[in-house]
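# Residue-level structure breakdown
So you can see what is in the structure, the chains are spelled out below.
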Amino acid sequence: MSIAEQPLSGDLRAEIRALAQAEPHPRGASVAALRLVQAHMGWISTPHLNEVANVLGMSAADLDGIATYFNLLFRRPVGRHVIMLCDSVSCWIMGRERLCAHLCHTLDIQPGQTTADDAITFLPIVCLGHCDHAPAMLVDDTLYGDVDTPTLDHLIDTLREPPP
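A brief look at the structure comes next.

What the four strands build is an open sheet, ordered β2-β1-β3-β4; its pairing is mixed. Both outer strands of the open sheet, β2 (120–125) and β4 (142–144), are each paired with one neighbouring strand and no more. On average, each strand axis in the sheet is inclined to that of its neighbour by 20 degrees, with strand direction left out of account. Bridge analysis of strand β1 (residues 81–86) against β2 gives six bridges, and the strand direction is parallel. Bridging from a neighbouring strand, Val82 pairs with Thr121 of β2. In the packing of helix α7 (residues 149–159) onto the sheet, the strands contacted are β1, β2, β3 (137–139) and β4, and the crossing angle to β3 comes to about 15 degrees.

This is the structure in structure tokens:
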């Protein structure tokens with residue numbers, strides 16, 4: 001059974017219920033609950049989304065609308081690490097296109113794809129709000145600014161190291 005098909009653990013369901021109880025309306029916990037599932041499972045599968053919707057007392061369609069609105073919530077599998085390269089005008093002016101080409105060449109993938117070893121997923125992102133340090137990127141939960149190709153190469157080498 002794949003991780004996407006495994007039911008949420010009782011502990012995780014309890015954490016989601018606690019999030020919901022802390023809100024005036026359980027729906028208010030939807031993003032936090034989905035982030036929690038993603039932190040444990042790596043992404044939000046449809047069965048897991050359905051379970052969260054059930055715990056929060058909302059329809060799966062409503063919760064999916066929330067999940068697909070936020071670009072930091074993943075509704076399909078991603079690699080162990082996610083590189084999000086900012087796609088704003090400031091980043092384009094400061095060399096984003098060159099960095100994108102370098103990433104695609106180095107990783108042998110296109111934006112939206114994951115490396116064959118499942119180590120890295122490369123995604124564009126609309127704006128990281130780090131324009132004064134363009135070009136910018138988000139790697140997992142870490143924001144990088146003034147990115148250049150040596151920074152990318154070092155980071156990719158680090159991300160490709162096998163997990164402990």
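Let's shift gears to the pattern of salt bridges. By the definition in use, this model includes four salt bridges. In this structure, the salt-bridge partner of Glu51 is Arg13, at a minimum N-O distance of 2.9 Å. Placement of Glu51 in helix α3 (residues 46–56) and of Arg13 in helix α1 (residues 10–21) is noted, with a sequence separation of 38 residues between them. Judged by relative accessible area, which is 22%, Arg13 ranks as partly exposed. For Asp64, the salt bridge goes to Arg75, with nearest N and O atoms at 2.8 Å. Pair noted here: Asp64 is in helix α4 (residues 60–69) and Arg75 is in the loop between α4 and β1, with a separation of 11 residues, a long-range link. By relative accessible area, Asp64 is classed as partly exposed at 25%. With a relative accessible area of 23%, Arg75 lands in the partly exposed category.

Basis of the calculations
Residues numbered from 1 in each chain as written. Predicted model: local features only at pLDDT ≥ 70, side-chain atom pairs only at ≥ 80, totals over all residues. Heavy atoms only, no water. Pairing = 2+ DSSP bridges. Helix = DSSP H or I, 4+ residues; strand = E, 2+ residues; numbered from the N terminus. Axes fitted to C-alpha atoms, helices over the stretch in contact; angles between N-to-C directions. Contact = heavy atoms within 4.5 Å. Salt bridge = Lys/Arg side-chain N within 4 Å of Asp/Glu carboxyl O. Buried < 20%, exposed > 50% of the residue type's maximum accessible area, 1.4 Å probe, protein only.

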